[in-house]
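What follows is each chain in one-letter form.
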Amino acid sequence: MGDAELVIVGAGPAGLCAAWEGRKRGWEPIILERRSVVGGAWAEMPPKMRCLSPRKYDRMPDGSVSSGDGNRATVAEILTMIEAFAAKNQFRICMESSAQAVSVQNGMFEIETTRQLLRTPRLIIATGEYSRPRVPSVPGDFDGPTEHTRTFDPNTVTSSERVAVIGAGNSGAEAVLAILARGGQVVLSTRYPLAGPPIDFSETVLAPLAAWYAGLPVRWLPGRGGCQVKTPLVYGELKRGVQAGQIELVGALGELQARGFRTSSGQDVDVDRIVWATGYRRETTWL
């Protein structure tokens, strides 16, 4: 059993920022990371995917920002920034060490990990929103290959394939564009109308105000600040692809079939492969 002043579960950006703040308060942190690398979800996203927010506002607590071209950083550039921050601060990070259970004994947290038992008066859970790929439970069976965007490799797509992407968020848009680049045919299944790209104020005098406004709680804003339930799309190419006939847009998936699926409105769609762009669930079962 080991004692620590602060234990943080997760070495993504949230966990590393918490470690920075803890050290400022005089608590030397131990960070548990189930993978062999830092970065959290950033280490598993498609490297070329771009952030929603302007690059200069995506910074670590020491003020460091990502390097690269364009107003919005790519995943690869953000990951490089995170790795550099972790290396510079030399936090004690226990790689390939997963938290299995936690209990409270005599006012101390006892964390069972795959390597040891830790005791601490302070515990921060920084495991993020992207731990478990979410694949909805739908009736029926599909005979072809299926995969979530987390593991989808567009390099396996051939020009003869007709691929269904289920979900039109940013991960779905990224998958669609990658499939088109490979010469594949795309069917995009979505429950809601396609969202448009966010307004870019980054090159205007309104940039500081827009960044401040974006950080306010939605409940404070008149009319929710125009916010919708869904995240805005970085990729305007998605709408343009539909308009140009490169992407076949169909409604929400209703049930799977051997050669494809049927939409909730009753349309039968034949495809060779299905890619789920249906988001993630938090992994907190160990708590």
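Before reading on, note that the structure itself is shown above.
Residues numbered from 1 in each chain as written. Predicted model: local features only at pLDDT ≥ 70, side-chain atom pairs only at ≥ 80, totals over all residues. Heavy atoms only, no water.

(A) Quick peek at the nonpolar core. Grouped together as the largest cluster of nonpolar side chains are 19 residues, with contacts concentrated most on I8, L16, I31, I78, F91 and I93. Contributing elements (two or more residues each) for this core: strand 2 (6-9), helix 1 (13-24) and helix 2 (75-89). Considering every element that reaches this core, the biggest residue donor is helix 2, with five residues. Excluding anything up to four places from it in sequence, I31 contacts I8, G10, A11, G15, L16, A19, F91, R92, I93 and C94. Judged by nonpolar contacts, the second largest core, of 16 residues, contains V163, L188, L194 and L238. (Core = buried A, V, L, I, M, F, W, Y, C linked by side-chain atoms within 4.5 Å. Buried < 20%, exposed > 50% of the residue type's maximum accessible area, 1.4 Å probe, protein only. Helix = DSSP H or I, 4+ residues; strand = E, 2+ residues; numbered from the N terminus. Contact = heavy atoms within 4.5 Å.)

(B) The environment of A99, seen in detail. Within the secondary structure, A99 sits in strand 5 (residues 99-105). Residue A99 is classed as buried on the basis of its relative accessible area of 12%.

(C) Looking closely at the pairing of strand 6 (residues 108-113). Judged from the six bridges that link them, strand 5 and strand 6 form a sheet pairing that is antiparallel. Counterpart to A99 in the pairing with strand 6 is T113. In this structure, the hairpin formed by strand 5 and strand 6 is closed by a connection of two residues, where N106 is found at a positive phi of approximately 55°. Where strand 6 lies against strand 7 (residues 117-120), four bridges are found, and the strand directions are antiparallel. Residue pairing in the sheet places I111 in a bridge with L118 of strand 7. The turn joining strand 6 and strand 7, which pair antiparallel and follow one another in sequence, is formed by three residues. (Pairing = 2+ DSSP bridges.)

(D) Fine view of the environment of R262. Residue position: R262 is located in strand 15 (residues 260-263). C-alpha separation for the pair R262 and G251, spaced eleven residues apart in sequence, amounts to 9.3 Å. If sequence neighbours within four positions are ignored, R262 has contacts with L253, G254, E255, Q257, Q267 and D268. Reaching out from R262, the side chain makes a polar contact with the side chain of D268 at a distance of 2.7 Å. (Polar contact = N/O pair within 3.5 Å; in protein donor to acceptor, adjacent residues only side chain to side chain.)

(E) The arrangement of the environment of S98 in detail. The residue S98 is located in the loop between strand 4 (92-95) and strand 5 in this model. The sequence separation of S98 and R35 amounts to 63 residues, and the corresponding C-alpha distance is 8.3 Å. In this structure, S98 is in contact with R34, E112, T113 and T114, ignoring residues within four places of it in sequence.

(F) View of helix 1. The first and last C-alpha atoms of helix 1 sit 17 Å apart over twelve residues, in line with the 16 Å expected at 1.5 Å per residue. Contact partners of the buried residues in helix 1: strand 2, strand 3 (29-33), helix 2, strand 4 and strand 8 (123-125). Among the residues trailing helix 1, G26 stands out with phi positive, at a value near 95°. (Expected span 1.5 Å × (residues − 1).)

(G) Examining the packing of aromatic side chains more closely. All chains considered together, the criterion is met by three aromatic pairs. With a centroid separation of 5.8 Å and an interplanar angle of 45°, the aromatic rings of W20 and F85 are classed as tilted. You can see W20 sitting in helix 1 and its partner F85 sitting in helix 2, a full 65 residues away along the chain. On the basis of relative accessibility, which here comes to 23%, the residue W20 falls in the partly exposed class. Judged by relative accessible area, which is 1%, F85 ranks as buried. When the centroid spacing of 5.2 Å and the interplanar angle of 85° are considered together, the rings of Y130 and Y280 count as edge-to-face. Of this pair, Y130 sits in the loop between strand 8 and strand 9 (132-133) while Y280 sits in strand 18 (residues 280-281); the two residues are 150 residues apart in sequence, bridging distant segments of the chain. An aromatic cluster is present here, built from W20, F85 and F91 joined pairwise through their rings. (Phe/Tyr/Trp six-rings, centres within 6.5 Å; stacked < 30°, edge-to-face > 60°.)

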